[in-house]
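What follows is each chain in one-letter form.
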Amino acid sequence: RKVMTEVAGFDVKLAWNPEFLREGTALEDSLRPDRIVVGAWDEAAVSALRECYKSILELGTPFLELDVPTAELVKVAANAFLATKISFINAMAEVSEVAGADAVALAKAIGYDERIGNKFLRTGIGFGGGCLPKDIRGFIARADELGVGSAVDFLKNVDAINLRRRDRVVALAKAELGEVSGKRIAMLGISFKPDSDDLRDSPALDIALRLSKAGAVVTVHDPVSLDALAVKEPGLAREADMVEALREADLVILGTEWKQYKEADPEILGSVVASKNIIDGRNVLDVDLWQAAGWKVTALGRSIVNG
């Protein structure tokens, strides 16, 4: 099968060259990709792309020449697998919370198995952004159109597990505060991941909006996303100073694992809140350090004993 046409005197050929860029590291991913995938019906198109990527290929980057249907599947299959891995460990977090186990230690233990690996095994409030949620839902829809929807039915559970982690944080907040209405909540981080101001399908933003709708006074701090938040959700209060964001807070929720939060001084932050109570939605805080500063720490998938 060949796809080509004449455009302004040029013989144009079609090839499929999926990208695997991650937000926050897109330039590095472009210059040093872990593979180049090409699907084409014509060898001339493949040769043109080899020439385009010549300097990158000379560094030893694998060049995978595939048929077009397979090349089309590579990107969505990769994202579906990553989403599944994240939701798997969050499913284990659900079990751990009931069983009294520690899902963080569990993830570390199984991650030593080279067949599993430790990447994307962090428990927390789940994935968001413009790729993983969209791709798995689009994959489900396309598989249904092709008549093989049952083959990817498991992705519906992947999506459901991911969304339940947001429900869990809202439930924990309500349990800690009792009556949410009128209580002050500080949200640390609002983007769907660190090193990005992207708010698309952000778990942290979803949680903040739900608590705000329940009557809580929510104040958001984020190193880079406040301008984007002002455009997307102007009704949410924003504070550029982390300490001021926590002032008189009845509860703090860590929603995005920014470096600034992992390195924050719990003594300083504890001096301005109304209650030293934090929900670590990303399991990145040094629990011992925060508890030593008098904080009650709650984290997803962990049975933390607070004094």
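The written sequence of each chain sets the order in which its residues are numbered from 1. Local features in this predicted model are restricted to residues of pLDDT 70 or higher, and side-chain atom pairs are both shown and tallied only at a pLDDT of 80 or more, whereas totals for entire chains, interfaces and linings draw on every residue. Heavy atoms throughout the structure, all of them, feed into the side-chain values; hydrogens and water do not.

**Side note on the environment of Val 152**
No. 1: Strands are runs of DSSP state E lasting at least two residues, helices are runs of H or I lasting at least four, and both sets are numbered from the N terminus onward. Relative to the helices and strands, Val 152 is located in the loop between helix H6 (132-145) and helix H7 (154-177).
No. 2: Only protein chains enter the calculation, and the probe is 1.4 Å; a residue is then buried if its accessible area is under 20% of its type maximum, exposed if over 50%, and partly exposed in between. The exposure class of Val 152 is buried, given its relative accessible area of 9%.
No. 3: The spatial distance from the C-alpha of Val 152 to the C-alpha of Val 74 is 15 Å, given a sequence separation of 78 residues.
No. 4: For Val 152, the contacting residues outside a window of four places in its chain are Phe 139, Ile 140 and Ala 143. Contact between two residues is taken to exist if any of their heavy atoms lie within 4.5 Å; hydrogens are not considered.

**A look at the packing of aromatic side chains**
No. 1: We call Phe, Tyr and Trp rings a pair once their centres come within 6.5 Å, taking the six-membered ring for Trp, and we label the pair stacked below 30 degrees between planes, edge-to-face above 60, and tilted otherwise. What the rule picks out here adds up to one aromatic pair.
No. 2: Judged by centre distance (5.0 Å) and plane angle (70°), the ring pair of Trp 290 and Trp 295 falls under edge-to-face. Neither residue differs from the other here; Trp 290 and Trp 295 are each classed as buried.
No. 3: One cation-aromatic arrangement involves Arg 35 over Phe 20; the distance from NZ or CZ to the ring centre is 3.6 Å. Only lysine NZ and arginine CZ atoms are considered, and such an atom sits over a ring when it is within 6 Å of the ring centre and within 35 degrees of the ring normal.

**Quick notes on the sheet that holds strand S5 (residues 63-66)**
No. 1: A sheet is described by the order of its strands in space; here three strands give the open sequence S3-S4-S5, paired in mixed fashion. Both outer strands of the open sheet, strand S3 (15-16) and S5, are each paired with one neighbouring strand and no more.
No. 2: Any two strands between which DSSP finds at least two bridges are classified as paired. The pairing of S3 with strand S4 (residues 36-40) spans two bridges and is antiparallel. In the sheet register, Trp 16 faces S4, and the bridge partner there is Gly 39.
No. 3: Packed onto the sheet, helix H2 (residues 43-52) meets S3, S4 and S5 and runs at close to 165° relative to S5. The convention used is that axes are lines fitted to C-alpha atoms, helices contributing only their stretch in contact, and that angles between N-to-C directions extend from 0 to 180 degrees.

**A short note on helix H4 (residues 68-99)**
No. 1: Taking 1.5 Å of rise per residue, the 32 residues of H4 would be expected to cover 46 Å, and the 47 Å separating its terminal C-alpha atoms lies within 8% of that figure.
No. 2: The principal kink in H4, of about 30°, is found at Val 74.
No. 3: Of the residues one or two after H4, Gly 100 is the one with positive phi, at around 80°. The span expected for a helix works out to 1.5 Å for each residue beyond the first. We define the bend at each residue as the angle formed by axes fitted to the 7 residues ending at it and the 7 residues starting at it.

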